[in-house]
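# Summary of the model geometry
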Amino acid sequence: METSPPPPADDAECVHQIPMRLLHNGELYTVNDVLGVTAGPPDIDHIKVRKTFSSVGSLARRNSAQSAASLYGLNSNRTSSSAKLDGSDRSKKKKVGFAPQPAPTHQEVAATEATQVKQAVHLTSSDGLIVVSAFLPVHLTRSDNGEWSADWDYEALLSMQTHLRVTRIGTVKWRGWHGNVGGGESSESGVPLDERHKVEAVLRPFNCVPVWVPTSLFGEMYNGFCKGVLWPILHNVASVYSSPSGLSSGNAEADRHIEPYEEFDSAYAEYSMDDIAQGPVHGDGGREGELWAAYTAVNRYFTDVIIQCFNEGDLIWIHGFHLMILPSFLTRRIAMAKIGIFLHTPFPSSEIFRTLWCREDLLRGMLNADQVGFHLFEYARHFLTCCRRLLGLNYGMFPDSSGGHNLAIDTNGRHVSVTSIHAGVEPPVLHQVLSHSSTLNKVNSIRNQFRGKVIFAAIDRMESLKGIPLKLIGLERFLQRCPEWAGKIVLVQVGISAFERGDDYTKTRNEVMSMVTNINNRWPGTVQFQECAESEMRLQQRMALLRAADVVMVTTIRDGLNLIPLEFTIAHLDALTEKGRNDGRKRGLCILSEFSSCTRVMRGALHVNPWKISEIATAFFQALTMSEDERMRRINIASEFVTRVTTQRWALAVMLDLKGVQKNEDAGRYAGAGLGLGFRLLGMDSKFNSLDANSVARAYRSSKSRLILLDYGGTILANDNLDGLLRFQFVKKSRAPSAPTESLISTLKELCADKRNIVFVVSGKERHSLTKTLCHIPNLGLAAEHGMFVSWPTPKAGGKRRWETLVPDQDRSWRSIAITIMEVYTSRTHGSYIEETEMKVLWQYRDADPEFGYLQSRELEDHLANVLRGFSVDILHGGVEEGGYVEVRPKGVNKGVVSMHIIKNLEKISGSKGKLDFALAIGDDHCDEPMLSVMRQIGRRATEARIAKKGGQPLAPLPATIALVDVSSCDDFISSHMQTFTCTVGKKPSAAANYVNDVEDVQELLESLVKVTTRETVHSGFYSVVDLKSMANSGVVGAVGGLNVIGGGGFLTDTNADPAASTDSFGGGFSRSLSLGQLHSAHGEPVKPKEPAVSKNLNDFLGTIDQAEEEDDDIFF
């Protein structure tokens, strides 16, 4: 491995090199300012080191090694079409898995990534950043004379200063207002309407933009939905706040604050413990429906303000669970913006999160962002599992543009990056607070009050999740076992009033007060309990207590971001100095619950399970009796994180990930689908548009040899496979599949009646199913089981069809072997079953547990691959989004192969030697992708042939959704003027060039083609104005009924008339246009105009009107 030269001496302090064992071959990582020791902005680079080769032989070996490695790369199927045909990758196993690594959505991106050298991502002062949170990180004050002023809330995580162009958006928090509803001039009523402009002017120097939300609406959202519904769910406790009401705190002031929440708590207890009936609106339209409506309405208010402040290229960073659906509203209006959302709370397991009636909307809202962030991977893992189990999405390590891999979720052709980075604190701010005279005075006061005692400090909100009672029980257990420490220790417990918690706050407060009284009665002065409002325990007061304390305790049951242990470590960094070691205090230790987020980063703390009281008691004893060397080691380990990962470093790391998200600047790459909160952003090819029925009809009308390939279920008929129960019933033959309607049968008959059409229904169903429903349609071709069986079109209707096999029907002994193996896995996997058809065997696990079913399917796939190695079969694996199955079928059978087989046998089918000049292929799912991919490539070859004759510009590369195969064997059967249309049902990433919305659109398209055929039959030999315009625009030059049709100008001249003898000629040699009636002559003979007929009755008159209306092209298209 080659290394770079050492850095200059003056940079020795600011450059750190990662150990060589962590490097890949030929790479050097240089990390600047990783410890925050330089004054400049941090920079993280990943540098590719260019190798020098000593000889031509070494260079050749390097190139050959790269070529061999590319066979297993993502773009291996794009290097050569013939490589797949000569069997060079025949032994290569199909890549499937729980976390697949598909090729990039676009061919251009794939080609670029193959040769791109990583460009380091930087954040400069020109980068714009919009930080969105429920509350702005500022404090507002209003003087008695109505003047407003603002100050930074340095305690807020988002108040940090940066060199970027930052705009902060959120609601204003005035004197602790959290959306409560008050009257008159009360602070709970919010900022008066006539003074909002003053507040906006005060916030403007801070680059803060307020979102003005009606007070009552915000209260419903914040206290009702966020704190009442989402908060307990996100903390993995669904009904912890629905305890019986009626408890009194014994404090009149506290009871007055609790009263507004009693009504809500009773309502929440009612629906949190009972099943919620699913109705047209979320929940059953009762109280939960109102809270959800308030939540969505507030997110819309934020959307409007963000759109007003957004500039092209800005990054949008959303914070908090209050705005989980905000990305859905933003991507609808600014699809190209890079949006990140970061949750500072835990994320629950899928079993808890699925109890929410709005679970899918919340997940889709987060997935419409480009990056989702959490403080711990544990929370990210729960989020990934929810997306997997509830939405059926895959996740894994996907390649990025820099040659690395990122954890991401694959959804609708996009990769949503998932980041887990724990936040830190700002040491300079905390040191400034600690050095303030008022802080020092408070520290001395606390130390003097508890002189000679070891001070244990704890600051918690008064709610069940904080585990205060468990801490007190642990203290009591410790003193019972070690009574010699009585009177030598004191626990200073500060409780922050949590009135919004309602009954839970009341219950917790009463329980804590009772336990404190009992402990102090037995060991006087052991617990010093103080309850205060949040505004009375700000950063300055908190740092004074933490500085005075010797040990800090956090025994939370479930917690998100908790910075108190980090602040405590900063307050005692001087314990590592010589002066600190000699001050006689055993200070600087943290006792942390293993359920707190900072436990993962505070490795020097004493970790305890708060539910195990003996561990808390043991932690008290360890903190008091720990040796000096061990205490110093623990403090040193804890200080490493707090000094290295600051708030700015955390924000920079997240922002670099967000800016590095692969999002094409072309707005055409992305498309929206779905209504309301079901809206989702799709990653598409730039030309992936809705199918233009007019273009199809024009090409259909001008063609002479046509091929129409239609899938069955999900394309011309409703898809029965979407519902797992219906699918199981069809397999077990306890329910009849859906049958085509009479209108569809009639449409197919009309299409097949046209001798220029070759219509095939290519389905995955068995022969008897297709024969039962479609055998009575003359001239309709059928392909069953993905093309394994082919029945050529026949004029006979009904009766038995003659079937041919696409590949030779060889030894079928593999079926019994495969079924025997599958039966073993079926018995071990609940919800799985075996599906047998005439030529294939499937093991379905779509109804099993997604993760366990996947693990079993991978094991089954490997087992089958080893046992059936000597048989000519393919083993295919479809993920949950494709139905969840492992399939064994004869080798070389798919809809793409049968499509080429049909084209090669066109002469046999139609009896004519004309080449194919029109093709239409429509499918709906992953089984149809081979057919759509093959037909699109065949059409592309025809287009390239036309362009080559004219010497035009080459076509753009095909999108990466197309699996390239060799279709050159079809060249002799297609015309260079062939027009091809490929279409998928539903707006989703596909190999098709276009899409239609649903099955009804497919049927309408086929009916429009029938009308074209009917119209041509009725008016055989006549040409409408629209026909002539179409021929003129297409540049057709030829003789029609003795007339020259000149492309481009659209002029008509009579070839039988002498231009010199014409008396009706214009200057310049142009003759008058002839009437439509004169066009009806097969041999150039003029047709005498008929005498105008007079309608004798109403029916004749109406018939004339109908006849004239048929000339309007818009009737059909």
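My aim in this report is to walk through the structure given alongside it, one point at a time. (Residues numbered from 1 in each chain as written. Predicted model: local features only at pLDDT ≥ 70, side-chain atom pairs only at ≥ 80, totals over all residues. Heavy atoms only, no water.)

## Here's the deal with the sheet that holds strand β11 (residues 371-374)
Formally: The pairing criterion for strands is at least two bridges between them, as found by DSSP. Helix numbers and strand numbers start at the N terminus; a helix is a DSSP run of H or I with at least 4 residues, a strand a run of E with at least 2. What counts as an axis is a line fitted to C-alpha atoms, over the stretch in contact for a helix, and the angles between N-to-C directions run from 0 to 180 degrees. Contact between two residues is taken to exist if any of their heavy atoms lie within 4.5 Å; hydrogens are not considered.
The strand order β8-β7-β4-β9-β10-β11-β14-β13-β12 describes an open sheet built from nine strands, whose pairing is mixed. At either end of the open sheet lies a strand with only one pairing partner, and these are β8 (208-210) and β12 (394-399). Taken pair by pair, the neighbouring strands of this sheet meet at an average axis angle of 25 degrees, ignoring direction. Pairing of β11 with strand β14 (residues 414-420), which is carried by four bridges, proceeds in the parallel orientation. Counted as the bridge partner of Gly-373 is Thr-419 from β14. Contacts between helix α8 (residues 326-333) and the sheet are confined to β4 (128-135), β9 (315-319) and β10 (338-342), with β9 contributing the most and set at about 160 degrees to the helix. In the packing of helix α21 (residues 647-659) onto the sheet, contacts are made with β4, β9, β10, β11 and β14, and the angle to β9 comes to roughly 125 degrees.

## What about the sheet that holds strand β32 (residues 885-890)?
Strand order in the open sheet formed by four strands is β29-β30-β32-β31, and the pairing between neighbours is antiparallel. Looking along the sheet, the strands with just one partner apiece sit at the ends: β29 (833-836) and β31 (873-878). For this sheet, the mean inter-axis angle between neighbouring strands, taken without regard to orientation, is 15 degrees. Two strands pair when backbone bridges link them, and strand β30 (residues 841-844) and β32 are joined in this way by four bridges, in the antiparallel orientation. Its bridge partner being in β32, Gln-844 is matched across the sheet by Tyr-885. Its contacts with the sheet place helix α26 (residues 814-828) against β29, β30, β31 and β32, and it is angled at close to 10 degrees to β30. Contacting β30, β31 and β32, helix α27 (residues 850-867) crosses the sheet at an angle of about 170 degrees to β31.

## A short note on the packing of helix α7 (residues 287-309) against α8
Which entries qualify depends on this criterion: In these notes the angle categories are as follows: under 35 degrees is roughly parallel, over 145 is roughly antiparallel, 65 to 115 is roughly perpendicular, and the rest is oblique. Each helix crossing is assigned a hand: it is left-handed if the near helix lies turned anticlockwise from the far helix by less than a right angle, otherwise right-handed if that turn is clockwise. Three categories are distinguished: nonpolar for Ala, Val, Leu, Ile, Met, Phe, Trp, Tyr, Cys and Pro, charged for Asp, Glu, Lys and Arg, and polar for the others, with Gly belonging to the last.
One can describe the packing of α7 onto α8 by two numbers: an axis separation of 9 Å at closest approach and a directional angle of 40 degrees. As judged from the angle between their axes, α7 and α8 are oblique. Classified by chirality, the crossing of α8 by α7 is right-handed. Along its contact with α7, which presents Thr-296, Asn-299, Arg-300, Phe-302, Thr-303, Asp-304, Ile-306 and Ile-307, the element α8 presents Leu-326, Phe-329, Leu-330 and Arg-333. Of the residues in the contact of α7 with α8, the class split is six nonpolar, three polar and three charged.

## Comments concerning the pattern of salt bridges
What counts is decided by this rule: Each salt bridge in this description consists of a side-chain nitrogen of Lys or Arg and a carboxyl oxygen of Asp or Glu lying within 4 Å of one another. For every residue, the accessible area obtained with a 1.4 Å probe (protein chains only) is divided by the maximum for its type, and the residue is called buried under 20%, exposed over 50%, and partly exposed between those limits.
Evaluated as defined, the whole model comprises 40 salt bridges. Its salt-bridge partner being Asp-574, residue Arg-547 comes within 2.9 Å of it at the nearest N-O pair. Residue Arg-547 is located in helix α16 (residues 539-548), and its partner Asp-574 is located in the loop between α17 (564-571) and α18 (578-581); the two are separated by 27 residues in the primary sequence. What makes Arg-547 partly exposed here is its relative accessible area of 24%. The class for Asp-574 is partly exposed, based on a relative accessible area of 28%. Between Asp-928 and Lys-895 there is a salt bridge; the shortest N-O distance is 2.4 Å. Of this pair, Asp-928 sits in the loop between β33 (916-923) and α30 (929-950) while Lys-895 sits in helix α28 (residues 895-904), placing them 33 residues apart in sequence. Given a relative accessible area of 2%, Lys-895 falls into the buried group.

## A word on a negative patch on the surface
The condition is simple: Every patch collects residues that have over 30% relative accessible area and no salt bridge, joining them within 9 Å if they carry like charges and within 5 Å if they are nonpolar side chains (Val, Leu, Ile, Met, Phe, Trp, Tyr). Using a 1.4 Å probe, the Shrake-Rupley method yields the accessible areas, and only the shown protein chains count as cover for residues. Charge assignment: positive for Lys and Arg, negative for Asp and Glu; neither His nor the chain ends contribute. A charge is said to be at NZ when it belongs to Lys, at CZ for Arg, at CG for Asp and at CD for Glu.
Taken together, the side chains of Asp-998, Glu-1000, Glu-1004 and Glu-1007 define an acidic patch exposed on the protein surface. Within the element layout of this structure, Glu-1007 appears in helix α31 (residues 999-1018). For Glu-1007, a relative accessible area of 32% translates into the label partly exposed.

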